[in-house]
Amino acid sequence: MNTRSTHTATAELTLNRHCPLVTCGQKIERGERIATASDPGMGDIHAPFPGSVEHVDPYRIRIAREGGETVDPAILHDLGGQELLARLRELGADLPAREQVDILILNGVDEEPGLLSRRTLLAEKLETLRTGASALVRGYKPAEVTLAVPGGVKESLPDIAVKVVSDQYPQGLDPLVAKAVTGQEAPDNTLVVGLETVFHAGMVMETGLPVMETMVTVDNSARLISLGSPVGEILTSDGLTIHDGDRIVLGGVLRGTAAASPSQGVDRATTAVSLIRNPTPVAMDAACVGCGECVRRCPARLDPAMITSYAEFGQYEKAEAEAVDVCFECGLCGFFCIARRPMLQYIRLAKHELAKAKAQSGEETQP
Amino acid sequence: MKPLNPFALTVSVPPHRHCGTTVRDRMLTILVAMLPAAVMASMTFGMPAIRVMALSMATAVLAEMACDYFMDRETDVNDFHAFTVGLSFAFLLPASAPWWLVAFGSAASIVLGKMAFGPLGGSPFCAPLVGWAICRISWPSFMDIDASMLGMDLTYPLAQLKNFGLDAVQITDTRQLFLGKQLGGLGAIQIAGVLLGGMLLVMRKHVSSIIPVGVIGGVALTAFLFNWIDPSMYASPAFHLLTGSTLFGAFFLATDGPSSPNRQIPMLLFGLLVGALIVIIRIYGIYPDGVPFAILLANLFTPALERIRPKPFGRR
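It should be emphasised that the depicted structure is a prediction, and the values quoted were computed from it without experimental measurement.

## Quick word on the overall build of chain A
Item 1. Each helix and strand in chain A was counted, giving eleven helices and 16 strands.
Item 2. Scaling as 2.2 N^0.38, a compact globule of 367 residues should have a C-alpha radius of gyration of about 21 Å, and chain A matches this with 21 Å.
Item 3. Projected onto its principal axes, the C-alpha positions of chain A cover 60 × 50 × 45 Å.
Item 4. Here chain A holds 367 residues, and the buried ones make up 55% of them.
Item 5. For chain A, the proportion of contacts with a sequence separation of at least 24, taken over those separated by at least 6, is 67%.
Item 6. When the accessible surface of chain A is summed, it comes to about 15,500 Å², and 50% of that surface belongs to carbon and sulfur atoms.
Item 7. Side-chain charges in chain A split into 35 positive and 49 negative, and the spacing between the mean points of these groups amounts to 3 Å.

## Points about the confidence of the model for chain A
Item 1. Taken residue by residue, chain A gives an average pLDDT of 89. The fraction at 70 or more is 96%.
Item 2. Between residues 1–5 of chain A, whose pLDDT stays under 50, and residues either more than four places distant or in other chains, the model counts seven contacts.

## Brief notes about the interface of chain A and chain B
Size of an interface: often given as the accessible area lost when the parts come together.
Item 1. Listed by partner, the interface residues are 62 residues for chain A and 39 residues for chain B.
Item 2. Summed over both partners, the interface of chain A with chain B buries about 4,200 Å², with 57% contributed by carbon and sulfur atoms.
Item 3. The three residues of chain A that bury the most area against chain B are Arg296(A), Arg301(A) and Ile338(A), which together make up 15% of that side's buried surface.
Item 4. Inspection of the region where chain A meets chain B yields three salt bridges.
Item 5. Its salt-bridge partner being Arg309(B), residue Glu322(A) comes within 3.2 Å of it at the nearest N-O pair.
Item 6. Looking at the side of chain A that touches chain B, the elements that each hand over two or more residues are α4 (174–182), β14 (247–250), β15 (257–258), α7 (293–297), α10 (332–336) and α11 (343–361) of chain A.

## Thoughts on a nonpolar patch on the surface
Item 1. A cluster of nonpolar residues, Val213(B), Ile265(B), Leu268(B), Leu269(B), Leu272(B) and Ile308(B), forms a patch on the protein surface that exposes about 490 Å² of accessible area.
Item 2. A total of four residues in the nonpolar patch trace back to one element, the largest contributor, which is helix α14 (residues 264–284) of chain B.

Calculation criteria
- Residues numbered from 1 in each chain as written.
- Chains lettered and ligands numbered in written order.
- Predicted model: local features only at pLDDT ≥ 70, side-chain atom pairs only at ≥ 80, totals over all residues.
- Heavy atoms only, no water.
- Helix = DSSP H or I, 4+ residues; strand = E, 2+ residues; numbered from the N terminus.
- Rg over C-alpha atoms; globule rule 2.2 N^0.38 Å.
- Buried < 20%, exposed > 50% of the residue type's maximum accessible area, 1.4 Å probe, protein only.
- Contact = heavy atoms within 4.5 Å.
- Areas by Shrake-Rupley, 256 points an atom, 1.4 Å probe, with all protein chains shown as cover.
- Lys, Arg positive; Asp, Glu negative; His and termini not counted.
- Charge placed at Lys NZ, Arg CZ, Asp CG, Glu CD.
- pLDDT = per-residue confidence, 0-100.
- Buried area = accessible area lost by both parts, 1.4 Å probe.
- Salt bridge = Lys/Arg side-chain N within 4 Å of Asp/Glu carboxyl O.
- Patch = residues over 30% accessible without salt bridge, like charges linked within 9 Å, V, L, I, M, F, W, Y side chains within 5 Å.

And the structure:
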């Protein structure tokens, strides 16, 4: 494994529906909580190193490295159930909020081709995964636990059934893994947790300290990178030069987010950082040409052509009637769209607008 | 403050890669696929065929540009769709078609078949067939292949079958039919060329094989049924497949994206419907070659066929 540690001078932590708890100029310790999640299934955010807060806005917190102390480890061993889960979320593990979980699936299949982080975790961090898995079992109290792995992986976790799942995209995505394990589409009371979250929980249990690093695929290997490390620095320290018009992608090429600036930091959901040299944007503002490629490729058996056309013209109720909520955002429609329409963006727009309308009408308080 | 970066990143939504195929690639591949038939047509009919094809394509492109100009829209002619519409329309005409007929039909294909329904993708009918239907009904004598090609020593087997019965058909050798030694739409009857191009489209995955298979299966099945009832009166499946524009329709016209269904089962039903209608129109209709009207009729069924769809993932 590549053990080069990244000691960056600054860290930028991306806020994703988090409320910042710090102000500019404030001195912080390593592991101090700097933002709380406003989403029930999300973990809080902590400082990856001691320093002072340089910049705070609703989207990011930037910290400059200075000397300082580390927070005291938390004691978690006597906790269980929802109490443990809540405590783990406070320490930065993104554990979904669920009342009842009958089947817990730990997804060890890398979601997209080219990603190696889950495979590397299985190969190198098995002890931590074991701790994390037992913490999750104590927290969610499921009747059954299954570890889904791609073919060729020999590692396993004690007392956990192993299910080999195809890693042909999109079979590694959570809903399809749930189907492969249970044999049922969208089964009730089933929770799929990504292996990186299991690893985060394991680290918290082992050290008592909040999540401060994650496994990230860079180039052709995966290594632990501390949260908030600027993506530009990760790539340049790997020997790459960033040119005008390039894009830096956090995550896989089909589902990942493009970084807004090279100083944007790695967050817990980042499975890969890659540089794509491609001067023209993939998507264009074009009308649907009705070729039907997306309809035939959609693993959720939807009609992305109609959904995106409705979203394009603001007819979100019709998109809802076309079952836009079933979409698990694999991005294949946009990959195969010969008109190069921004399919996934239209789908996300429709979902977002529908959730907003529901929240406003008071039918549901959760998005 | 750190200095501003010397570069600007591209920010876009996922996916960050693309399969690489664009509308332009697809249309260019369709044009390449039509090339063998076009070459065979020029060899069989000479300059008149080249004249019709060139005029039809030029009119289609100009008509689209004019529409875009009057609709105050940026033109998309560089995606080559107008070229494919123009060439498909020319493929259905007799080589002797007068210039005004070619120009009018080609322009009508673009204006009424495509531009009236917004940009590419909105049209409920296969565009070249709209122009063909207008011309066929308005100027039957000029569109009548038998009457307008008296100078050729080839014969139009479908008209012979329609007018004089099965015994009168002079070309019964399937090899002759296959090599295009017959009359009909100038490109559509170049069976060998059309088949080669169709294979290219299917193999390069620009066209799903389901619709062509459905059409060919539908023609073969329906023709076989009639032939089985009375072999002395109804032609064999091979005859129906190798005459007129059956194969051209199967590979190039019925597969038109916006006017055909998108899912597998509706596509197959659509193809079978086209195939059955071809034979039924040829037997009971007044038009010798039923292909264009069969496809136009089946296009009307597309919205109904699209309603046959699986339940979305996880819905019970």
